[in-house]
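Inside the fold
Okay, here's what each chain looks like letter by letter:
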Amino acid sequence: MAALQLTGVGVSPGRASGPVVRVAEPLGEPSAVPAPTDAEAEAGRIAPAAAAVADRLNAKAATVEGDSRAVLETTAAMAMDPALAKQAAKLVRERALPAPRAVFEAANVFAASLEAAGGYLAERAQDVRDVRDRIVAELLGIDPPGVPELAGPSVLVARDLAPADTAGLDPAKVLALVTEEGGPTSHTAILARSLGIPAVVAVRGVLALEAEGLIVDGATGSVEVPDGPVEVVAAAVQAEPEWDGVGRTSDGQRVKIIANVGSAEDAATSVAAGAEGVGLFRTEFCYLSATTEPSVEAQRAAYAKVLSPFQGKPVVVRTLDAGADKPLPFLTPEDEPNPALGVRGLRIGREQQGVLDRQLEAIAAAATDSGAEVSVMAPMVATAEEAAWFAERVRAAGLPRAGVMIEIPAAALSAKEILAEVDFVSLGTNDLAQYVFAADRMLGALASLNDPWQPALLRLIALVGEAGIALGKPVGVCGEAAADPALGCVLVGLGVTSLSMNAAALARVGSTLGGVTADACREAARAALAAKDPAHAREAARAALGTVS
Ligand SMILES: C=C(OP(=O)(O)O)C(=O)O
Ligand SMILES: [Mg+2]
């Protein structure tokens, strides 16, 4: 029995329970006031705090092996760097700064000089900032920010997680993830699904809970505080429906069922799950923590690793989609008031054409190395002119097929003109919903507006489907909408020719589609378009499809 139950939005299925580990909030800048009354004593606090941080990191290093051990030991050595402590102590004495502020400023100077040096050294700048935050937290007597090293299987509770933090989670240790904020199409949710970690977002009140353990259901969105001690239970592996790996309706209309990937691990899992190819390779996921632009050679190697399992199969590589909740430190402008509406996606490529051209060069080389049938597409395209410009860059790089994402309402409304410029389009329903409803996809409070069953969103998708049929060109969906089996059938009824999703959803979507006719899909689409709200759209579509769950 549950002593207390909260409900959020389930974004990654699976039921698990275990002890809670809380992720500390970002620190922010420590204050430069008040000046210490005894500067010498204040300066003297710095070296012991750094030593305490290093001791803790070394103790953790002793409990793990391999890469994790090496990373922890290197970080501990950085914390012990006498130059940092010395410089910070100097700032306390000369500028009467409190010790946390002095460490913050001294570390920032070190990080900036590493960045200016470029190459390998620049990549260490982020590590210096990590050490900085740990020493500052030690001096302030609070937990260091970010995901703590987990001693055993745990349920992580956070306000929200950055995509880079989520990507680094170990599914063997993280039983489930619960966040107070976050929407169903946020990148944290997308990454949790791809890692197979049960997750519930937008759980109002979870941060205020004092619970030692939680029972989490990532399908229903329920988060329960158990009555007694919590049992450690990992989510059971879900039984997969039968699917022969070929996407088609029961009467033989072909629809490619393909995968969304962001790493070599995703690629391997997707092949094992029967993906016919890749509909979205999010290249920015390879560089969430990179502080400098990776070289063409480094990009070539990284992309080839993801492409190789798909030799002879179609793969759509998306050029860097930096911005909003996926800032890439080397690309994204820092001071935009409204990053989701800012210079992101292809807009950065237009401002920094060299970065785009070098990425295209690396993709072309990786295509040759891997033997995959590579197409390239651009994110965040608004106009036919942008689509034409991108297609021209792609062809100049010697790549045979260029497409663009339709994720801005203006692009959906110009689908015919855009399709005239490119070989295919792919609907990014996550961003399309966010921009149609003016509802931030990362905000749990607006999750219902970001529901992909919203009839207004479906009506825009219908325009794109019609344009694809009129011009005889492929229209894919690679947003999260494609991973919902019933909605996948509706999308096919709207004229969509491929559905791209996380590996775990492939068999369910493939087998559901294989159980319905193309006519039933069209009927379900008509019913959903005419509905007054998402609940009625879902209900009407399911009724038209018959037995689909
Ligand atoms: C697939 C999409 O791209 P991303 O989720 O990476 O923004 C989308 O917006 O639907
Ligand atoms: Mg998008």
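Quick caveat: nothing in here was measured; it's all calculated off a predicted structure. (Residues numbered from 1 in each chain as written. Chains lettered and ligands numbered in written order. Predicted model: local features only at pLDDT ≥ 70, side-chain atom pairs only at ≥ 80, totals over all residues. Heavy atoms only, no water.)

Quick look at the environment of Val394
In plain terms, the rule: A helix here means a DSSP run of H or I that spans at least four residues, while a strand means a run of E at least two residues long, and both kinds are numbered starting from the N terminus. Working definition: with a 1.4 Å probe on protein chains only, accessible area under 20% of the residue-type maximum means buried, over 50% means exposed, and in between means partly exposed.
With respect to the secondary-structure elements, Val394 resides in helix α14 (residues 384-396). For Val394, a relative accessible area of 0% translates into the label buried. Along the sequence, Val394 and Thr368 sit 26 residues apart, while their C-alpha atoms lie 15 Å from each other.

Some remarks on the coordination of the magnesium ion (ligand 2)
So the rule is basically this: Each metal site is built from N, O and S donor atoms within 2.8 Å (3.2 Å for Na, K and Ca), and since water is not included, such sites may look incomplete.
Looking at the magnesium ion (ligand 2), one finds its protein donor set to be Glu407 (OE) and Asp431 (OD), positioned 2.0 to 2.1 Å from the metal centre. You can see Glu407 sitting in the loop between β13 (402-406) and α15 (409-413) and its partner Asp431 sitting in helix α17 (residues 429-436), a full 24 residues away along the chain. As far as burial versus exposure is concerned, Glu407 and Asp431 are alike and both buried.

Quick notes on the packing of aromatic side chains
Formally: The aromatic pairing rule takes the rings of Phe, Tyr and Trp, using the six-membered ring of Trp, and pairs them if the centres are within 6.5 Å, calling planes under 30 degrees apart stacked, those over 60 edge-to-face and the rest tilted.
Under the criterion given, the structure shown has two aromatic pairs. Ring plane angle 85° and centroid distance 5.8 Å describe the contact between Phe281 and Tyr303, whose orientation is recorded as edge-to-face. Linking Phe281 in strand β10 (residues 278-282) with Tyr303 in helix α11 (residues 296-307), this pair joins segments that are 22 residues apart in sequence. The class of Phe281 is buried, set by a relative accessible area of 0%. Between Tyr287 and Tyr303, the aromatic rings sit 6.4 Å apart at their centres with planes inclined by 80°, giving edge-to-face as the arrangement. Linking Tyr287 in the loop between β10 and α11 with Tyr303 in helix α11, this pair joins segments that are 16 residues apart in sequence. Of the residues examined, Tyr287 reaches a relative accessible area of 9% and is grouped as buried. By relative accessible area, which is 1% here, Tyr303 ends up buried. Every member of this aromatic cluster is reached through a ring pair, and the members are Phe281, Tyr287 and Tyr303.

Re the pairing of strand β9 (residues 256-261)
Keep this limit in mind: We call two strands paired when DSSP finds no fewer than two bridges between them. Looking down the strands as they point away from you, a crossover is right-handed if its path from the first strand over the helix to the second goes clockwise.
The buried count for β9 comes to five of six residues, which makes it a mostly enclosed element. The pairing of β9 with strand β16 (residues 498-501) spans four bridges and is classified as parallel. Note that in β16 the partner of Ile258 across the bridge is Ser500. As judged from the three bridges shared by β9 and β10, these two strands associate in the parallel manner. Opposite Val261, over in β10, you have Phe281 as the bridge partner. Crossover handedness for the path β9 to helix α10 (residues 264-272) to β10: right-handed.

Here we look at helix α20 (residues 506-513)
Of all eight residues in α20, six are buried, a share of seventy percent or more. Every buried residue of α20 is listed here: Leu506, Ala507, Val509, Gly510, Thr512 and Leu513.

Some remarks on the UniProt feature "domain: PEP-utilising enzyme C-terminal" (unreviewed entry) in the protein chain
The condition is simple: UniProt positions are given in the numbering used here, feature names are shortened, and annotations may be inferred rather than shown by experiment.
Residues given the UniProt feature "domain: PEP-utilising enzyme C-terminal" (unreviewed entry) here are residues 248-510. With 41% helix and 14% strand, residues 248-510 has end C-alpha atoms that lie 8 Å from one another.

Describing unusual backbone geometry
Most peptide bonds take the trans configuration, and most residues that are not glycine carry a negative phi. Omega for the peptide link from Val33 to Pro34 comes to -5°, which places this bond in the cis form. The phi angle at Met380 is positive, at roughly 55°, despite the residue not being glycine. Inspection of the secondary structure puts Met380 in the loop between β12 (373-378) and α14. A residue is classified by how much of its surface remains accessible, and Met380, at 1% relative accessible area, is buried. If you check the backbone angles, Ala438 has positive phi at about 50° while not being a glycine. Structurally, Ala438 is set in the loop between α17 and α18 (455-471). For Ala438, a relative accessible area of 71% puts it in the exposed group.

A short note on the UniProt feature "domain: PEP-utilising enzyme mobile" (unreviewed entry) in the protein chain
The residues that UniProt annotates with the feature "domain: PEP-utilising enzyme mobile" (unreviewed entry) are residues 153-221. Across residues 153-221, the secondary structure splits into 20% helix and 28% strand, with the terminal C-alpha atoms separated by 20 Å.

A few points about the site of ligand 1
Our working definition: Any residue with a heavy atom positioned within 4 Å of a molecule or strand is treated as near that molecule or strand. Counted as a polar contact is a pair of N or O atoms within 3.5 Å, where, for protein atoms, one must be capable of donating a hydrogen and the other of accepting one, and residues adjacent in sequence contribute only when both atoms are in side chains. Per-residue accessibility takes into account occlusion by the displayed protein chains alone, with areas from the Shrake-Rupley method and a 1.4 Å probe.
Contacts to ligand 1 come from 16 residues, most closely from Arg282, Arg318, Gly428, Asn430 and Arg441. Contact between ligand 1 and Asp431: an oxygen atom at 3.0 Å from a side-chain N or O atom of the residue. Interatomic distance of 2.7 Å between a side-chain N/O atom of Arg441 and an oxygen atom of ligand 1. Across the complex, the protein chains shield 100% of the 290 Å² of accessible surface that ligand 1 would expose by itself.

Comments concerning the pattern of salt bridges
Put simply, the test is: By definition, a salt bridge exists where a carboxyl oxygen of Asp or Glu is found within 4 Å of a side-chain nitrogen of Lys or Arg.
Summed over all chains, the structure comprises 32 salt bridges. The salt bridge partner of Arg344 is Asp321, with a shortest N-O separation of 3.5 Å. Of this pair, Arg344 sits in the loop between β11 (314-318) and α12 (346-351) while Asp321 sits in the loop between β11 and α12; the two residues are 23 residues apart in sequence, bridging distant segments of the chain. Each member of the pair, Arg344 as well as Asp321, carries the same accessibility label: buried. Here Asp519 and Arg522 are joined by a salt bridge, their closest N and O atoms 2.9 Å apart.

A word on the layout of surface pockets
Stated formally: Within this scheme a cavity is a closed region of a 1 Å grid, computed over the protein atoms alone, that accommodates a 1.4 Å probe without allowing it to escape, whereas a pocket is open but has protein on both sides within 12 Å along at least five of seven lines; lining residues each have an atom within 4 Å of a point. Grid points are joined across faces, edges and corners, and a volume is the space filled by probe spheres set on the points. For this scheme, ten residues count as nonpolar: Ala, Val, Leu, Ile, Met, Phe, Trp, Tyr, Cys and Pro. Four count as charged, namely Asp, Glu, Lys and Arg, and the remainder, Gly too, count as polar.
Of the volumes computed, that of the second largest pocket is approximately 290 Å³. Looking at the second largest pocket, it is lined by 21 residues, and the ones nearest its centre are Lys256, Val316, Phe424, Pro474 and Ser498. Secondary-structure elements contributing two or more residues to the lining of the second largest pocket are β9, β10, β11, β12, β14 (424-427), β15 (475-477) and β16. Of the residues that constitute the lining of the second largest pocket, the class distribution is ten nonpolar, seven polar and four charged.

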